[in-house]
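Chain by chain, the residues run as shown.
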Amino acid sequence: MSQVSTPSPQPDLLALKQKQQANWASGDYAVIGTTLQIVGEMLCEAIDLRGGEQVLDVAGGNGNASLAAARRYASVTCTDYVPALLERARMRAQADSLLLDTRVADAEALPFPDGSFDAVLSTFGVMFTPDQEKAAAEMLRVCRPQGRIGLANWTPGGFVGQLFKLLGGFLPPPAGLRSPALWGTEERLRELFPGAGITATPRVFNFRYRSPTHWVEVFRTYYGPVHKAFLALEPDRQAELEKGITGLIGQFQRGGGPGVVIPSEYLEVVVRPGARA
């Protein structure tokens, strides 16, 4: 007797995007984002950014990669779908006397002509888009054929990747949705950017806080996904989540001094659309 397979349910990407936008607009990601500035600086060096180049920062948040590019005298446009984060990017640029344009934009529907930019960047941003293929295709579309796409993506096995796995155990994602951490694997990147030349280098960002409790307090207050997760749970489940996060920190933290240092692996990626893999 033949069996008819049931297709896997497809997530409502529009509804999910709206929910994600609300998540990232909650708390104050800029408080966390400013601590990640070094990643943007290193990414600009990885793509060998040159003065005068046209640069787009996709899902740029409060502007880490944008500011790094502006310091190198590039012409920079920072985009995000959370206006409050772009305002923080403008404030930071003004404080450092840097030229920076900002524009509210969806990473899956970038409002720019084909081939507009010499370099397209994203640090821990585009990896969270619901439709990964569409976001990657948009980055390729607006990048000039001989340009570069530079990405910093958390890996599945690193601290942040495991944090999102932990959160998923408390609040499971919609069926059929691909994990953002897949952007931190070479295999997935080659699927997203077929035929392009890809260089992927594992890096480590160190979260530096006063204690594990301090880390939890800061992320629970300011980091949208963690902030929203705690709000969605009953008090007993909140206590379980806090215990789980503290245990995860214990697995990754580096000893040897005061405070807490939590190494978190990410993949530094340079995609060259015009270079065959």
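Per an unreviewed UniProt entry, the protein carries the name Methyltransferase domain-containing protein and comes from Roseomonas marmotae.

Remarks on the overall build of the protein
Within the protein one finds 11 helices and seven strands. Taking 277 residues into account, the globule formula puts the C-alpha radius of gyration at 19 Å, and the protein, at 19 Å, falls close to it. Taking the principal axes of the C-alpha coordinates as reference, the protein spans close to 65 × 55 × 35 Å. In the protein, which comprises 277 residues, the share counted as buried stands at 50%. Nonlocal contacts in the protein, meaning residues at least 24 apart in sequence, comprise 77% of its contacts between residues at least 6 apart. Within the protein, one finds 27 positive and 28 negative side-chain charges whose respective centroids are separated by 2 Å.

What to know about helix α4 (residues 64–71)
α4 sits mainly inside the fold: seven of its eight residues count as buried. Every buried residue of α4 is accounted for by Asn64, Ala65, Ser66, Leu67, Ala68, Ala69 and Ala70. Structurally, α4 contributes buried residues whose contacts are with α2 (29–33), α3 (37–46), β1 (54–57), β2 (75–80), α5 (83–95) and β4 (117–123).

Side note on the pairing of strand β5 (residues 143–154)
By the criterion of burial, β5 is predominantly enclosed, with nine of the 12 residues buried. Two elements, β4 and β5, share six bridges in a ladder whose sense is parallel. Looking at the pairing, alanine 119 lines up with arginine 148 of β5. Handedness of the crossover is the feature at issue here: the chain leaves β4, passes through helix α6 (residues 132–142), returns alongside β5, and the resulting connection is right-handed.

Some thoughts on the pattern of salt bridges
Scanning the entire structure with this criterion turns up 17 salt bridges. As a salt-bridge pair, glutamate 191 and arginine 188 come within 2.9 Å of each other at their nearest N and O atoms. Within this pair, glutamate 191 and its partner arginine 188 are both found in helix α8 (residues 186–192), separated by three residues, close to a single helical turn. Arginine 188 gets classed as buried once you look at its relative accessible area, which sits at 4%.

Description of α5
Taking 1.5 Å per residue, 13 residues should reach 18 Å; α5 reaches 19 Å between its end C-alpha atoms and fits that length. Summarising the contacts, the buried residues of α5 are in contact with α1 (13–25), α2, α3, α4, β2 and β3 (101–104).

Notes on the packing of helix α7 (residues 159–170) against helix α10 (residues 224–232)
Between α7 and α10, the least distance of the axes is 11 Å, while the angle of their chain directions is 20°. What the angle tells us is that α7 and α10 run roughly parallel. The hand of the α7/α10 crossing is left-handed. Contact residues: Leu163, Phe164 and Leu167 in α7; Pro225, Val226 and Ala229 in α10. Within the contact of α7 with α10, the residues separate by chemical class into six nonpolar, no polar and no charged.

Conventions adopted
- Residues numbered from 1 in each chain as written.
- Predicted model: local features only at pLDDT ≥ 70, side-chain atom pairs only at ≥ 80, totals over all residues.
- Heavy atoms only, no water.
- Helix = DSSP H or I, 4+ residues; strand = E, 2+ residues; numbered from the N terminus.
- Rg over C-alpha atoms; globule rule 2.2 N^0.38 Å.
- Buried < 20%, exposed > 50% of the residue type's maximum accessible area, 1.4 Å probe, protein only.
- Contact = heavy atoms within 4.5 Å.
- Lys, Arg positive; Asp, Glu negative; His and termini not counted.
- Charge placed at Lys NZ, Arg CZ, Asp CG, Glu CD.
- Pairing = 2+ DSSP bridges.
- Right-handed = clockwise from strand over helix to strand, strands pointing away.
- Salt bridge = Lys/Arg side-chain N within 4 Å of Asp/Glu carboxyl O.
- Expected span 1.5 Å × (residues − 1).
- Axes fitted to C-alpha atoms, helices over the stretch in contact; angles between N-to-C directions.
- Parallel < 35°, antiparallel > 145°, perpendicular 65-115°, else oblique.
- Left-handed = near helix turned anticlockwise from the far one by under 90°.
- Nonpolar A, V, L, I, M, F, W, Y, C, P; charged D, E, K, R; others polar.

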